[in-house]
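If you want the building blocks of each chain, they are given just below.
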Amino acid sequence: MKNKLSCLEMGTFMFYIMRCFFIGITINNIVYIANQDSYLSIIIGFLIGFIPLLLFYYLSNYKKDLNIVELIEHLLGPYLGKGINLLLSIFVLFLSTIIYWNFTTFIASQYLSDTPSLAISIVFLFPTIYLLNKGIYVIAKSSVMMFFICIVLTLLPFIGLFFQLDMDNFLPFLYQGPTPVLKGSFIYLANNILPIFLLLIIPKDMIQEQKKLPKYLILFYIMTTLLLFILFFLTLGIFGVNLTKIFQYPEFHLLKRASLFGFIQRIESTLSIQWILDLFMCNILALYFVIESIRITFHMKSQKLYQILLIIVSTFVSIASNYVFKNNTIGTEVLMFPFSFLLYLFFFLIPFFLVIIAHMKRKTQ
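Residues numbered from 1 in each chain as written. Predicted model: local features only at pLDDT ≥ 70, side-chain atom pairs only at ≥ 80, totals over all residues. Heavy atoms only, no water.

Caption draft 1: View of the overall build of the protein. Assigned secondary structure in the protein consists of 17 helices and zero strands. Along the longest, intermediate and shortest principal axes, the C-alpha atoms of the protein span 60 × 45 × 40 Å. Every one of the 365 residues in the protein was classed for burial, and the buried ones make up 58%. Put simply, of all contacts in the protein between residues at least 6 apart along the chain, 85% involve residues at least 24 apart. For the protein, the accessible area works out to roughly 16200 Å², and carbon and sulfur atoms hold 69% of it. (Helix = DSSP H or I, 4+ residues; strand = E, 2+ residues; numbered from the N terminus. Buried < 20%, exposed > 50% of the residue type's maximum accessible area, 1.4 Å probe, protein only. Contact = heavy atoms within 4.5 Å. Areas by Shrake-Rupley, 256 points an atom, 1.4 Å probe, with all protein chains shown as cover.)

Below is the structure:
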């Protein structure tokens, strides 16, 4: 089983992808849309999310030896396929830039307020390049180690927060009707479920015990959604709608309310490391997608050329993330609806049509 990814490693990849856009983006957007009923958006989004999971499962099984870039060329032909792959690579590059922007903004605002974001992004550029240069198998091993750290840091604050819930913060129920809740659920679906499409850059043949993979992915899908729901429910239940809207990162401020065993306090800086790991690992996966896509599309076989490409792409994202938005207000407006529309276009409509084409080809054969 040498040079094979385990189902656990694939599950941890899903864990990071689903959590990545939640902090500072999803939670702010759905509270703004659905107010005190926004927790229902996560439940509905979770149920609808099984549809893109089925698309993911079909495409991963259609040609197990091909990743999504190779599969697109196989289904659409070399010319149209390369065009779609190029557009997809550009979008994932933009996605990576958004992740890195959120990553550096979070660290700068909550940890290093006097440090320029550019300096923070350059510091984290070096471990990014190192991990990408080591390849997907080392990335996967690192992913598992960081996953257990994230789980511990996620569960610890729940001990001291449940007793601070105020159920009045969820009333009145469906005050604005079901429409805002549905809008919020589609925001959650776009930001936290559709990016799972990134995992298709790993062909199924690279995974050991392939028959167990669907069970692992569903298990991680349910577990991650449950953790996000509890975090969101606590944030809304303790702060209320108005206070949640004021904070850029309400999850971080929620941790200021946490204490362990009644006497260990001021632990928010330690506990929030989990989100730094989420953002860092998801960015690694997005960059890996872009680099692999370019390598395959342009038939790049030289290892030195691949390493140069890796450095150029990583450096570009690191620097561009500091200039992608002029200010946080513009960033919030872009990430509300235009960004969600692009996520549906590239991570739902393209896979949907690929499944239709693959199904038609399979029938004709």
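Caption draft 2: Representation of the pattern of salt bridges within the structure. Counted according to the given criterion, the structure contains five salt bridges. With a shortest N-O distance of 3.0 Å, K141 and E9 are connected by a salt bridge. Residue K141 is found in helix α8 (residues 136–155), and its partner E9 is found in helix α1 (residues 7–20); the two are separated by 132 residues along the sequence. Since its relative accessible area comes to 3%, E9 is described here as buried. Its salt-bridge partner being E209, residue K212 comes within 3.6 Å of it at the nearest N-O pair. Classification of E209 as partly exposed rests on a relative accessible area of 46%. (Salt bridge = Lys/Arg side-chain N within 4 Å of Asp/Glu carboxyl O.)

Caption draft 3: Representation of unusual backbone geometry within the structure. Looking along the chain, the bond that leaves L171 and enters P172 is cis, with omega of -5°. Inspection of the secondary structure assignment puts P172 in the loop between α9 (158–161) and α10 (178–192). Of note in this structure, N35 is not a glycine but carries a positive phi near 55°. Checked against the element boundaries, N35 lands in the loop between α2 (22–34) and α3 (39–48). Even without a glycine there, the phi angle at H299 is positive, about 50°. One can find H299 in the loop between α14 (273–297) and α15 (303–320).

Caption draft 4: The side chain of N191, seen in detail. Considering the arrangement of structural elements, one finds N191 in helix α10. Residue classification places N191 among the buried positions, given a relative accessible area of 0%. A distance of 3.3 Å separates a polar atom in the side chain of N191 from a polar atom in the side chain of T26. Each residue touching N191, except ones within four places of it in the same chain, is listed here: F21, I25, T26, N29, F339, S340 and L343. (Polar contact = N/O pair within 3.5 Å; in protein donor to acceptor, adjacent residues only side chain to side chain.)

Caption draft 5: The arrangement of the environment of A286 in detail. Tracing the sequence through the fold places A286 in helix α14. Linking A286 and Y175, residues 111 residues apart in sequence, is a C-alpha distance of 39 Å. When residues no more than four places from it in sequence are discounted, the contact partners of A286 are V92, S96, I99 and L198.

Caption draft 6: Up close: the packing of aromatic side chains. The tally for this structure, following the rule as stated, stands at 28 aromatic pairs. The interplanar angle of 80° and the centroid separation of 5.3 Å between the aromatic rings of Y39 and F170 together place this pair among those described as edge-to-face. One end of the pair, Y39, is in helix α3; the other, F170, is in the loop between α9 and α10, and 131 residues separate them in sequence. On the basis of relative accessible area, F170 is assigned to the buried category, the value being 4%. Centroid distance F94 to F339: 6.2 Å. Interplanar angle 65°. Geometry classified as edge-to-face. One end of the pair, F94, is in helix α6 (residues 78–110); the other, F339, is in helix α17 (residues 338–364), and 245 residues separate them in sequence. Take F94: its relative accessible area is 27%, and that puts it in the partly exposed class. A relative accessible area of 1% places F339 in the buried class. (Phe/Tyr/Trp six-rings, centres within 6.5 Å; stacked < 30°, edge-to-face > 60°.)

Caption draft 7: A look at the nonpolar core. Counting 132 residues, the largest nonpolar core has F13, M14, I68, I196, F232 and F347 as the members making the most contacts within it. It is α14 that provides the largest number of residues to this core, a total of 16 residues. Ignoring any residue separated from it by four or fewer positions in sequence, one finds I68 in contact with L59, F197, L200, I201, F289 and L354. (Core = buried A, V, L, I, M, F, W, Y, C linked by side-chain atoms within 4.5 Å.)

Caption draft 8: Main features of the packing of α8 against α14. Interhelical geometry of α8 versus α14 gives an angle of 155° and a closest axis separation of 9 Å. Considering the angle they form, α8 stands roughly antiparallel to α14. For the crossing formed where α8 meets α14, the hand is left-handed. Facing α8, whose interface residues are I136, I139, S143, M146, I149, C150, L153 and T154, α14 presents I273, Q274, L277, D278, F280, M281, I284 and Y288. In the contact of α8 with α14, the residues fall into twelve nonpolar, three polar and one charged. (Axes fitted to C-alpha atoms, helices over the stretch in contact; angles between N-to-C directions. Parallel < 35°, antiparallel > 145°, perpendicular 65-115°, else oblique. Left-handed = near helix turned anticlockwise from the far one by under 90°. Nonpolar A, V, L, I, M, F, W, Y, C, P; charged D, E, K, R; others polar.)

Caption draft 9: Local environment of the confidence of the model for the protein. Confidence in the prediction of the protein, expressed as mean pLDDT, is 88, and 96% of residues score 70 or more. The weakest mean pLDDT in the protein belongs to helix α13 (residues 268–271) at 67; the strongest belongs to α1 at 94. Low pLDDT, under 50, characterises residues 261–265; the stretch is placed with four contacts to residues that sit more than four places away or in other chains. (pLDDT = per-residue confidence, 0-100.)

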